[in-house]
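# Commentary on secondary and tertiary structure
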Amino acid sequence: MLRCLRHWWPSGGWAGLRLLERRHLFTMKLQSPEFQSLFTEGLKALTELFVKENHELRIAGGAVRDLLNGEKPQDVDFATTATPEQMKGLFQAAGVRMVNNKGEKHGTITARLHNENFEITTLRIDVVTDGRHAEVEFTTDWHKDAERRDLTINSMFLGFDGTLYDYFNGYEDLKNKKVRFVGHAKKRIQEDYLRILRYFRFYGRIVDTLDAHDPETLEAIAENAGGLAGVSGERIWVELKKILVGSHVNHLMHLIYDLDVAPHIGLPANASLEEFDRVSKNVEGFSPKPMTLLASLFKAQDDVAKLDLRLKISKEERNLGLFIVKYRKDLVKATDSSEPLKPYQDFLIDCREPDAAARVSELLKYQGQHALLRELQRWSVPPFPVSGHDLRRAGVSSGKEIGALLQQLRDQWKKSGYRMEKEELLSFVKKT
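Description of the structure in this document. The structure presented is a predicted model; accordingly, all values stated were derived computationally and were not measured.

Note on helix geometry: an α-helix contains 3.6 residues per turn, so any two residues three or four positions apart are oriented the same way. Inspection of helix α14 (residues 301–311) places Asp303, Val304, Leu307, Asp308 and Leu311 among the buried residues, and these make up the whole buried set. In a view along the axis of α14, the buried residues occupy a sector of 140°, so they form one face of it. Summarising the geometry of α14, the exposed residues directed more than 90 degrees from the buried face are Lys306 and Leu309. Here the buried face of α14 lies against α10 (233–244), α13 (290–294) and α15 (315–327). Of the residues flanking the end of α14, it is Lys312, one or two places downstream, whose phi is positive at about 55°.

Written as structure tokens, this is what we have:
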């Protein structure tokens with residue numbers, strides 16, 4: 001069956017595409033500006049090498065999905081029928097440098113051409129899986145490689161002539177904004193339990209509505225949630241952060257708790273989902289850091305420490321979580337003043353930490369104080385005009401007395417709205 005598709009995709013880049021169905025394989029031609037923009041000198045040289053040696057090479061996975069959505073992918077992965085040894089041979093013969101050989105046992109070779117790195121992986125089959133890692137066997141069968149991938153929308157390949165190769169209706173699912181596992185959800189999840197979180201992440205990225213889940217998929221997630229306990233914290237945190245900054249985050253976090261996923265990924269059992277719902281509305285449209293929203297689940301700083309123990313979050317993320325939990329109720333806008341931002345400004349004046357302003361900005365997002373956030377972003381911390389050297393010149397010699405006086409003068413300066421200058425402040429010293 002051959003038919004022409006015209007103008008059904010909102011981006012307009014799909015006009016004139018041809019769709020061909022042959023049993024389980026869908027193909028069509030894509031010639032969008034985003035696709036054409038990938039053809040750098042490095043990519044042209046790469047494709048020429050593989051054509052010369054009669055090895056098939058295609059764009060794979062997420063980059064294909066993004067291109068079909070009218071987006072230029074940030075990362076482009078490639079798949080090939082060539083084995084790692086064959087790739088090394090053709091690159092060495094062409095004088096192409098190879099970098100980062102850590103992925104070779106899984107079939108991945110990284111080549112550097114024209115100052116660009118290209119990551120190319122041999123088609124493979126997962127022979128043995130334990131829910132975290134897989135032993136692989138190389139193949140030349142594109143269908144079998146697609147079959148081992150997680151979601152249908154991530155299982156497609158794209159040739160350099162613009163031909164799409166779709167073995168599991170990923171194209172239809174993407175068009176219909178549906179997130180579906182390749183084959184049986186239970187089997188795919190048990191191959192790698194992290195796919196539970198990847199399902200949530202792509203649901204937030206692709207789907208428009210909250211009720212488009214396949215009941216079989218939710219049942220498979222609930223039955224296998226415990227498998228996440230064996231997945232490394234670092235891998236979980238990468239996915240969880242993307243869920244937190246995606247769409248439908250309230251709905252997805254409720255599912256994470258309803259399906260008993262939360263205890264296996266370091267989230268507190270006694271979390272306040274009502275607070276999470278409230279804060280997620282506060283931060284909407286203000287690009288919060290993932291920890292800013294996640295902190296709403298924590299009732300005490302100890303919850304942040306437990307999360308860190310499980311997920312190995314960065315020091316910056318840990319400190320932000322501790323900061324928000326500590327100050328979300330105590331550091332609030334002034335209600336009895338014409339300067340509601342002043343408590344936050346005073347905090348920054350007294351704080352010596354270099355990232356304090358960034359933390360306060362995240363706190364304001366958490367609290368939903370959008371007007372104050374904009375005002376803070378226009379404000380810069382003024383330098384305190386008096387130093388210990390100034391006090392010594394004024395006749396104060398005791399180090400202990402200098403410290404106490406500096407704090408008194410700083411308090412006076414803050415009360416003045418940071419307007420008092422050095423001479424005016426030093427006049428208080430002369431009076432005493």
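This part is about the pairing of strand β4 (residues 57–60). Sheet topology note: the β4/strand β5 (residues 77–80) ladder contains four bridges and is antiparallel. Opposite Ala60, over in β5, you have Asp77 as the bridge partner.

Here we take up the packing of helix α16 (residues 342–350) against helix α20 (residues 399–415). At a minimum axis separation of 11 Å, α16 and α20 run at an interaxial angle of 150°. Classed by the angle they form, the pair α16 and α20 counts as roughly antiparallel. For the element pair α16 and α20, the recorded crossing hand is right-handed. Facing α16, whose interface residues are Lys342, Asp346, Ile349 and Asp350, α20 presents Arg410, Trp413, Lys414 and Lys415. Its residues assigned to classes, the contact of α16 with α20 shows two nonpolar, no polar and six charged.

This part covers the packing of α14 against α15. The geometry of α14 relative to α15 is characterised by a closest axis approach of 9 Å and an angle of 165° between their N-to-C directions. Classified by the interaxial angle, the pair formed by α14 and α15 is roughly antiparallel. The element α14 and its partner α15 pack so that their crossing is right-handed. For the pair formed by α14 and α15, the contact residues are Gln301, Val304, Ala305 and Asp308 on the first element and Arg318, Gly321, Leu322, Val325 and Lys326 on the second. Residues of the contact of α14 with α15, tallied by class, amount to four nonpolar, two polar and three charged.

Let's shift gears to the nonpolar core. Grouped together as the largest cluster of nonpolar side chains are 103 residues, with contacts concentrated most on Phe91, Phe200, Met253, Val261, Leu267 and Leu294. Among the elements that take part in this core, helix α8 (residues 195–206) stands out by supplying seven residues, more than any other. Those residues in contact with Phe91 that sit more than four places away from it in its chain are Leu46, Leu49, Phe50, Val96, Met98, Ile109, Ala111 and Ile120.

This next bit is on the side chain of Glu191. Following the sequence through the fold, Glu191 ends up in helix α7 (residues 185–191). With relative accessibility at 11%, the residue Glu191 sits in the buried group. Within polar-contact distance, the side chain of Glu191 engages the side chain of Arg188 at 2.7 Å.

This brings us to helix α17 (residues 356–367). Look at α17: 16 Å from first C-alpha to last across twelve residues, which is about the 16 Å you get at 1.5 Å a residue. With ten of its twelve residues buried, α17 lies for the most part within the structure. Among all positions of α17, only Ala356, Arg359, Val360, Ser361, Glu362, Leu363, Leu364, Lys365, Tyr366 and Gln367 are buried. Buried residues along α17 sit against α12 (273–283), α13, α15, α16 and α18 (370–378). Directly beyond the C-terminal end of α17, a positive phi value near 75° is found at Gly368.

So, about the packing of aromatic side chains. Within this structure, the stated rule accounts for 15 aromatic pairs. An aromatic cluster of at least three residues, connected via ring pairs, comprises Phe35, Phe39, Phe78, Phe118 and Phe160. The aromatic ring of Trp142 is capped on one face by Arg58, whose charged end is 4.0 Å from the ring centroid. Sitting above the plane of the Tyr165 ring, Arg58 keeps its charged end 3.6 Å from the centroid.

Under the defined criterion, the tally for this structure stands at 30 salt bridges. Lys88 is the salt-bridge partner of Glu104, the closest N and O atoms lying 2.7 Å from each other. With Glu104 in the loop between β6 (97–99) and β7 (108–113) and Lys88 in helix α4 (residues 84–93), this pair connects stretches of sequence that are 16 residues apart. In this structure Glu104 comes out as partly exposed when scored by relative accessible area, which is 23%. Where Lys414 meets Asp411, a salt bridge forms, and the shortest distance between an N and an O atom there is 4.0 Å. Here the residue Lys414 and the residue Asp411 both occupy positions in helix α20, the gap between them amounting to three residues, near one helical turn. We classify Lys414 as buried; its relative accessible area is 11%.

What counts as what
- Residues numbered from 1 in each chain as written.
- Predicted model: local features only at pLDDT ≥ 70, side-chain atom pairs only at ≥ 80, totals over all residues.
- Heavy atoms only, no water.
- Buried < 20%, exposed > 50% of the residue type's maximum accessible area, 1.4 Å probe, protein only.
- Helix = DSSP H or I, 4+ residues; strand = E, 2+ residues; numbered from the N terminus.
- Arc of directions from axis to C-beta.
- Contact = heavy atoms within 4.5 Å.
- Pairing = 2+ DSSP bridges.
- Axes fitted to C-alpha atoms, helices over the stretch in contact; angles between N-to-C directions.
- Parallel < 35°, antiparallel > 145°, perpendicular 65-115°, else oblique.
- Left-handed = near helix turned anticlockwise from the far one by under 90°.
- Nonpolar A, V, L, I, M, F, W, Y, C, P; charged D, E, K, R; others polar.
- Core = buried A, V, L, I, M, F, W, Y, C linked by side-chain atoms within 4.5 Å.
- Polar contact = N/O pair within 3.5 Å; in protein donor to acceptor, adjacent residues only side chain to side chain.
- Expected span 1.5 Å × (residues − 1).
- Phe/Tyr/Trp six-rings, centres within 6.5 Å; stacked < 30°, edge-to-face > 60°.
- Lys NZ or Arg CZ within 6 Å of the ring centre and 35° of its normal.
- Salt bridge = Lys/Arg side-chain N within 4 Å of Asp/Glu carboxyl O.

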